[in-house]
Each structure stands twice: as structure tokens, then as C-alpha cells.
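# Examining the three-dimensional arrangement
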Amino acid sequence: MNLLIDDKTKQVLKNANSLVFFTGAGISAESGIPTFRGMDGIWNKLKPEELANFNAFLKNPKLVWEWYQHRKEIIHKCQPNSAHKIIADVQNNFEKVSVVTQNIDNLHRRAGSKKVYELHGNIERNYCIDCKKEYGDNVPLKDGLPKCDCGGLVRPDVVWFGEYLPQDVYTSAEKAAEESDVLFIVGTTGIVYPAASIIYIAKNNGAYLIEVNIEETEVSKSVNKSFFGKAGEVLPQIFNEI
Ligand code: BV8
Ligand code: ZN
């Protein structure tokens with residue numbers, strides 16, 4: 001596939017010191033993980049937004065817990081794809097490479113990326129809503145419910161709709177965006193806030209914005225360059241050509 005990066009984009013990338021990759025569900029699509037809004041299977045009768053919120057969890061903890069266990073089973077069968085891998089590989093060719101992801105699937109870390117800011121948490125982590133005790137995979141179930149030793153309910157360590165993002169992670173991601181020469185926007189609709197603000201923080205600080213998506217998005221009108229195609233094909237090609 002001849003990508004033919006334009007000279008300007010090639011020049012900018014050759015001179016860049018600091019890259020940030022802002023990623024969403026689309027970067028994990030080729031690994032076999034359904035995108036957030038394209039959720040297939042038995043759960044699509046309930047809108048993800050109705051499941052990914054604290055009230056839904058309190059109302060029906062078993063259903064929400066099982067939705068996350070179901071997603072975790074899918075994720076555990078998947079591997080990082082060539083998009084995750086090239087992002088990990090280029091860490092050696094640039095002074096600073098950070099990943100700011102909205103995804104909770106842990107694939108950037110599994111691919112070997114070192115500086116990963118998980119704005120919406122990580123499905124591999126859980127915690128008690130009462131005493132905040134942290135759990136990995138070893139959550140005790142009592143009558144099918146995830147229960148802490150203190151008796152409190154255990155929830156996934158992910159950010160639900162209407163919840164604040166982890167302040168320290170968000171602040172570090174903002175700083176990386178401010179200092180970036182190039183911001184890649186990979187596989188995201190760019191409609192979920194405050195995560196999507198990262199795009200405009202980078203832009204307002206002079207970063208060159210490169211979008212990689214299979215289709216036009218909200219963000220397309222604000223970027224310097226869009227590459228339309230699958231992230232697993234386009235990203236390796238971009239770094240192949242510079
Ligand atoms: C907040 C974790 C402050 C959970 C997620 C009313 C009340 C309260 C808040 C709001 C409100 N109205 C609006 C808001 C703000 C809300 C928001 O932005 N809503 C949106 C929907 C409008 N945000 C929040 O609630 C945030 N918190 O505002 O707190 C506050 C506090 C109290 C009261 C008021 C305010 C928290 C948002 C975090 C929600 N958690 N995930 C979980 O995963 O279970 S969000 C979820 O959406 C995922 O993280 C996902 O990553 C993210 C964004 O979606 P995308 O990643 O873009 O995925 P999507 O499927 O949409 O698109 C995939 C893209 O990939 C597409 O463009 C597709 O073309 C492309 N693609 C597909 N295949 C490929 C590809 N590209 C390349 N290659 C391919 N092969
Ligand atoms: Zn507890």
C-alpha cells in the first residue's frame with residue numbers, strides 16, 4: 001500500500017523529538033476487541049453508556065461486573081497488533097514517546113510501551129468502593145457478587161461516564177501533550193471529554209496533529225494531516241517511509 005507521506009509531514013516527523021500517541025478503541029479493533037460503540041455479542045442490547053456508569057453498577061452490580069469479566073475474557077484472548085507494536089518500537093528512535101490512551105485493555109503495556117497514561121483506567125485492576133482496597137484478578141465472589149473482605153462491593157478500576165478522570169494521570173497526559181512536537185490521534189471518535197481535550201491542548205501548544213482512522217471524525221477538520229486506513233497497516237507504513 002503506497003502511503004506517500006507528503007513532504008511536510010515527513011519533515012516534521014524527521015525533526016520531531018517528542019511524540020504523543022492519543023489512542024481510542026479503534027487501535028485495538030484489529031486485535032479483535034470490538035470498538036466501544038460497535039460492541040457486538042449479547043451485550044449490544046444494552047447501550048455501553050448504560051453499563052459504564054456507577055448507578056448502573058449499584059442498581060445491578062452482577063450484570064455490570066459480568067460485562068467487564070466478559071470483556072476481560074475477550075481481551076485475554078487478544079494480542080497487541082502492529083499498531084501497538086510500532087508505537088512501542090519507536091520509543092527507541094525519538095527522545096520522548098508517550099501514549100495517552102482512552103482504552104482500558106492494557107494492550108499498549110503488553111506491546112512494550114513504557115510511558116502509558118490510561119485516562120479511563122485499566123480492566124485488569126479492581127477496587128473496593130468502601131475501603132478502596134485494590135484487587136487484581138483475585139476478587140472473592142459472594143452469591144455471584146464481587147465482595148471485599150470488608151463486605152463492600154468491588155468494582156473495575158475504570159472511569160465511568162459522569163466520573164472524574166484520575167487527576168495525576170490526566171495532569172501528566174496534559175503535560176506530555178503541551179510538550180509534544182507531534183500528536184498522533186489513532187482510532188478514536190474524539191467525542192468523549194475531558195479525554196479529547198488532549199488533542200486541543202497539543203494543538204494550542206503548536207503540535208503537528210496526525211490522525212489515523214478508517215473514516216472522517218469530529219477531529220478531522222482540526223488536524224494537519226489525516227491518513228485514512230487501518231491503524232495496524234497505516235502506522236507501520238508511516239514510520240517505514242520517514
Ligand atoms: C466526566 C471506560 C466530569 C469504561 C469510557 C452528562 C453527565 C456527565 C458527563 C457528561 C454528560 N454529557 C457528556 C458528558 C461528558 C462525558 C462524555 O464525554 N460523553 C460523551 C459520550 C458525549 N464524559 C464523562 O462522563 C467523563 N467524565 O465528564 O467527568 C463530570 C463529573 C461529574 C458530573 C459531570 C461531569 C468520563 C468519560 C469516560 C467514560 N469511560 N471508557 C469502559 O471502557 O467500559 S469512555 C469510552 O469511550 C472508551 O474509553 C472509549 O475509548 C471512549 C471513546 O470512544 P473511542 O475510543 O473513540 O471509541 P469509539 O468506538 O467511539 O470509536 C472507535 C474509532 O476507531 C472510530 O472513529 C472508528 O472509525 C475507528 N476505528 C475502528 N477501527 C479502526 C479505527 N481506526 C483505525 N484503525 C482501525 N482498524
Ligand atoms: Zn473493602
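Analysis parameters
- Residues numbered from 1 in each chain as written.
- Chains lettered and ligands numbered in written order.
- Predicted model: local features only at pLDDT ≥ 70, side-chain atom pairs only at ≥ 80, totals over all residues.
- Heavy atoms only, no water.
- 1 Å grid on protein atoms, 1.4 Å probe; cavity = no way out; pocket = protein on both sides within 12 Å on 5 of 7 lines; lining within 4 Å.
- Points joined across faces, edges and corners; volume = space filled by probe spheres on them.
- Helix = DSSP H or I, 4+ residues; strand = E, 2+ residues; numbered from the N terminus.
- Nonpolar A, V, L, I, M, F, W, Y, C, P; charged D, E, K, R; others polar.
- Donors = N, O, S within 2.8 Å, 3.2 Å for Na, K, Ca; no water.
- Tetrahedral: all angles 85-135°; square planar, octahedral: opposite > 155°, others 65-115°.
- Buried < 20%, exposed > 50% of the residue type's maximum accessible area, 1.4 Å probe, protein only.
- Domains from an automatic or database assignment.
- Phe/Tyr/Trp six-rings, centres within 6.5 Å; stacked < 30°, edge-to-face > 60°.
- Lys NZ or Arg CZ within 6 Å of the ring centre and 35° of its normal.
- Pairing = 2+ DSSP bridges.
- Axes fitted to C-alpha atoms, helices over the stretch in contact; angles between N-to-C directions.
- Contact = heavy atoms within 4.5 Å.
- Salt bridge = Lys/Arg side-chain N within 4 Å of Asp/Glu carboxyl O.

### Some remarks on empty space enclosed by the protein
Tallied over the full model, the rule gives 1 cavity of 30 Å³ or more. In this structure, the largest cavity occupies an estimated 30 Å³ of space. Lining the largest cavity are T101, N103, D105, N106, L107, H108, R109, V116 and E118. Where the lining of the largest cavity is concerned, the elements lending two or more residues are α6 (107-111) and β3 (116-118). Among the elements that take part in the lining of the largest cavity, α6 stands out by supplying 3 residues, more than any other. Tallied by class, the residues present in the lining of the largest cavity amount to 2 nonpolar, 4 polar and 3 charged.

### Focus: the coordination of the zinc ion (ligand 2)
The protein atoms that coordinate the zinc ion (ligand 2) are C128 (SG), C131 (SG), C148 (SG) and C150 (SG), at distances of 2.2 to 2.4 Å. For the zinc ion (ligand 2), the 4 donor atoms are set out with angles of 104 to 121 degrees between them, so the coordination reads as tetrahedral. Each donor residue of the zinc ion (ligand 2) lies on the same chain, and together they follow the pattern C-x2-C-x16-C-x1-C. Judged by relative accessible area, C148 falls into the buried class, the value being 1%.

### Section: the layout of surface pockets
Space inside the second largest pocket adds up to approximately 150 Å³. In terms of lining residues, the second largest pocket is bounded by G121, Y127, R155, D157, V158, V159, E163, Y164, L165 and P166. With 3 residues, the single largest contributor to the lining of the second largest pocket is strand β8 (residues 154-158). Broken down by class, the residue content of the lining of the second largest pocket amounts to 6 nonpolar, 1 polar and 3 charged. Both domains that furnish three or more residues to the lining of the second largest pocket are identified here as domain 1 (1-32 + 80-120 + 164-242) and domain 2 (34-77 + 127-158).

### As for the packing of aromatic side chains
This model, assessed by the stated rule, comprises 9 aromatic pairs. In textbook terms, an aromatic cluster arises when at least three aromatic residues are bridged by ring pairs, as seen for F54, F57, W67, Y68 and W160. Above the face of the W67 ring, R71 is positioned so that its terminal group lies 4.6 Å from the ring centre. The ring of W160 carries the charged tip of R155 above its face, separated from the ring centre by 3.9 Å.

### Notes on the sheet that holds strand β11 (residues 225-228)
Paired through backbone hydrogen bonds, the strands of a sheet run either parallel or antiparallel to each other. In spatial order, the strands read β3-β2-β1-β9-β10-β11; together these 6 strands make up an open sheet with parallel pairing. At either margin of the open sheet sits one strand with a lone partner, and together these are β3 and β11. Put simply, the sheet's adjacent strands are angled 15 degrees from each other on average, direction ignored. Sheet contacts for helix α1 (residues 7-15): β1 (18-23), β9 (182-186), β10 (208-213) and β11; angle to β10, the most-contacted strand, approximately 115 degrees. Taken strand by strand, helix α9 (residues 231-241) contacts β1, β9, β10 and β11, and its axis lies near 160 degrees from that of β9.

### What about the pattern of salt bridges?
Counting across every chain of the model gives 11 salt bridges. In this structure, E66 engages K62 in a salt bridge whose closest nitrogen and oxygen atoms are separated by 2.9 Å. You can see E66 and its partner K62 sitting in helix α4 (residues 61-76), 4 residues apart, about one turn around the helix. Note that E218 and K221 form a salt bridge whose closest N and O atoms lie 3.9 Å from each other. Overall, the relative accessible area of 47% leaves E218 in the partly exposed class. Overall, the relative accessible area of 67% leaves K221 in the exposed class. Among the ionic contacts, a cluster of salt bridges with common partners joins R109, E118, R125 and D157.

### Section: the environment of P156
As for its position among the elements, P156 is in strand β8. Spatially, the C-alpha atom of P156 lies 9.4 Å from that of G136, the residues being 20 residues apart in sequence. Other than its neighbours up to four places away in sequence, P156 contacts W65, Y68, R125, N126 and Y127.

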